[in-house]
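# Close look at the chain arrangement
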Amino acid sequence: MKLDRVIAVRNNKTVYRDGADCIKVFDSDYSKADILNEALNQARIEETGIRIPKIKEVLTVDGKWAIVSEYIKGKTLAQLMEEHPEKKHEYLELLVDLQMDVHSHTCPLLTKLKDKMNRKISAADLDATTRYDLHTRLESMPKHNKVCHGDFNPSNIIIAEDGTPYILDWSHVTQGNASADVARTYLLFWLAGDIEGANAYLDLFCKKSDTAKQYVQKWMPIVAASQSVKGNEKERQFLLSWVNVVDYD
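Residues numbered from 1 in each chain as written. Predicted model: local features only at pLDDT ≥ 70, side-chain atom pairs only at ≥ 80, totals over all residues. Heavy atoms only, no water.

### Comments concerning the overall build of the chain
Using the following cut-off: The numbering of helices and of strands both runs from the N terminus, where a helix is a DSSP run of H or I of at least 4 residues and a strand a run of E of at least 2. Restricting the calculation to C-alpha atoms gives the radius of gyration, and the globule rule supplies 2.2 Å times the number of residues raised to the power 0.38. For every residue, the accessible area obtained with a 1.4 Å probe (protein chains only) is divided by the maximum for its type, and the residue is called buried under 20%, exposed over 50%, and partly exposed between those limits. Whether two residues touch is decided by their heavy atoms; if any such pair falls within 4.5 Å, the residues are in contact. Surface exposure here means Shrake-Rupley accessible area, sampled with a 1.4 Å probe, where a residue is shielded only by the protein chains that are shown. Neither His nor the chain ends is counted toward charge; the positive residues are Lys and Arg and the negative residues Asp and Glu. Lysine's charge is taken at NZ, arginine's at CZ, aspartate's at CG and glutamate's at CD.
A count of helices and strands for the chain gives 9 helices and 10 strands. In summary, the chain has a C-alpha radius of gyration of 18 Å against a globular reference of 18 Å for 249 residues, a match within 12%. With respect to the three principal axes, the spread of C-alpha positions in the chain is 50 × 40 × 35 Å. Here the chain holds 249 residues, and the buried ones make up 46% of them. Long-range contacts, defined as pairs at least 24 residues apart, comprise 64% of the intrachain contacts of the chain with a sequence gap of at least 6. Accessible surface for the chain amounts to roughly 12,800 Å². Of this, 48% is attributable to carbon and sulfur atoms. Averaging the coordinates of the 33 positive side-chain charges in the chain and doing the same for the 37 negative ones gives two points 3 Å apart.

Below, the structure is given as structure tokens:
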């Protein structure tokens, strides 16, 4: 196994390519339980039939845990959007179609989205009154059991050379309400500074799935609070600014 071709560097992990293999190597202080859970989640998603790079093995490399998956040669949807801005609407349509397909699947052994969000809201840097309000709002939302990616954005979609799309990075996957997953994607566009893209994405998703925009918007403060636990200070401040927003244009 050669670790001399870096294809991505992210927080606490580095991704390498070695021939037909994609090797995600985690920092030595990364939680072993989280790594093994990510591998388990990826294996479970494989069994649903969703098109993803297949997991090959979990091992240690120089004392660091690593997950080995298929390497898919191609470009991410984010790269394609940057290279062909005139096709952005077309790419957004593909993004929405893929996300709706993910939501059409179930996987009963995945962590429940509401349970994960409740834990994260409890850990958020918010006062007790706000946390109580968010927990209450979360409990009032309808319970579903759809597969929710949890980090669905154009950089996690790779289009193979033959045009086949694959969905990457299943470390945040849960089962729950699809509109929470949509709210997360909307906020990711905002975090990337693409407000126009965020609004176009939300309009497209609501139209294609026949979902009321107000329903997705009700999830925004809840999702923002749960996501504020991680990330850098700038991201945290941005997400926390959404927490007290009740009405949207």
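After presenting the structure, the write-up continues.
### Section: helix α4 (residues 113-123)
Because each turn of an α-helix spans 3.6 residues, side chains separated by three or four positions in sequence point in the same direction. Of all the positions in α4, only Leu113, Lys114, Met117, Asn118, Lys120 and Ile121 are classed as buried. Here the buried face of α4 lies against α5 (128-140), β7 (146-148), β10 (174-176), α6 (178-191) and α8 (213-227).

### Brief notes about unusual backbone geometry
Positive phi, close to 50°, is recorded for Asp62, a residue that is not glycine. Within the secondary structure, Asp62 sits in the loop between β4 (55-61) and β5 (64-70). Even without being a glycine, Asp169 presents a positive backbone phi close to 60°. Assignment of secondary structure puts Asp169 in the loop between β9 (165-167) and β10. The class for Asp169 is buried, based on a relative accessible area of 13%.

### Quick look at the packing of aromatic side chains
Quick note on the threshold: Stacked, edge-to-face and tilted are the three classes for Phe, Tyr and Trp ring pairs, Trp counted by its six-membered ring, which pair at centre distances within 6.5 Å; planes under 30 degrees apart are stacked, over 60 edge-to-face, the rest tilted.
One pass over the structure, following the stated rule, counts 8 aromatic pairs. Ring plane angle 45° and centroid distance 6.5 Å describe the contact between Tyr186 and Trp190, whose orientation is recorded as tilted. Linking Tyr186 with Trp190, this pair stays in helix α6, spanning 4 residues, or about one helical turn. For Trp190, a relative accessible area of 25% gives the class partly exposed. Seen from their ring centres, Phe238 and Trp242 are 6.1 Å apart, and the 70° between their planes marks the pair as edge-to-face.

### Topic: the packing of α4 against α8
What counts here: Axis definition: a line fitted to C-alpha atoms, over the contacting stretch in the case of helices. Angles run 0 to 180 degrees between N-to-C directions. Each crossing is labelled by how the near helix is turned from the far one, with a counterclockwise turn of less than a right angle marking it left-handed and a clockwise turn marking it right-handed. When residues are grouped by polarity, Ala, Val, Leu, Ile, Met, Phe, Trp, Tyr, Cys and Pro land in nonpolar, Asp, Glu, Lys and Arg in charged, and all others, Gly among them, in polar.
Here α4 crosses α8 at 60°, and the two axes come no closer than 8 Å. Note on packing geometry: the crossing formed by α4 with α8 is left-handed. From α4, Leu113, Met117, Lys120 and Ile121 reach across to α8, where they touch Trp219, Ile222, Val223, Ala225, Ser226 and Gln227. Split by residue class, the contact of α4 with α8 holds 7 nonpolar, 2 polar and 1 charged.

### Notes on the pairing of strand β3 (residues 21-26)
The cut-off we apply is this: We treat two strands as partners when DSSP finds at least two bridges between them.
Counting buried positions along β3 gives 5 out of 6 residues, so the element sits mostly inside the fold. Alignment of strand β2 (residues 13-18) against β3, held across 6 bridges, turns out to be antiparallel. By the bridge assignment, Thr14 is partnered in β3 with Val25. Hairpin connection between β2 and β3: a loop of 2 residues separates the two successive antiparallel strands, and Gly19 in this loop has a positive phi of roughly 65°. Across 5 bridges, the pairing between β3 and β5 is antiparallel. What sits directly across from Asp21, in β5, is Glu70.

### Some details on the side chain of Lys114
The line we're drawing: Whenever a carboxyl oxygen of Asp or Glu lies within 4 Å of a side-chain nitrogen of Lys or Arg, that contact is scored as a salt bridge. Nitrogen and oxygen atoms within 3.5 Å of one another constitute a polar contact, given that in protein one can donate a hydrogen and the other can accept it, and given that sequence-neighbouring residues count only through two side-chain atoms.
One can find Lys114 in helix α4. Comment: no salt bridge for buried Lys114; closest opposite-charge side chain is Glu139, at 4.9 Å. A distance of 2.4 Å separates a polar atom in the side chain of Lys114 from the backbone oxygen of Met141. Ignoring anything within four residues of it in the chain, the contact list for Lys114 reads Leu138, Glu139, Met141, Pro142 and Lys143.

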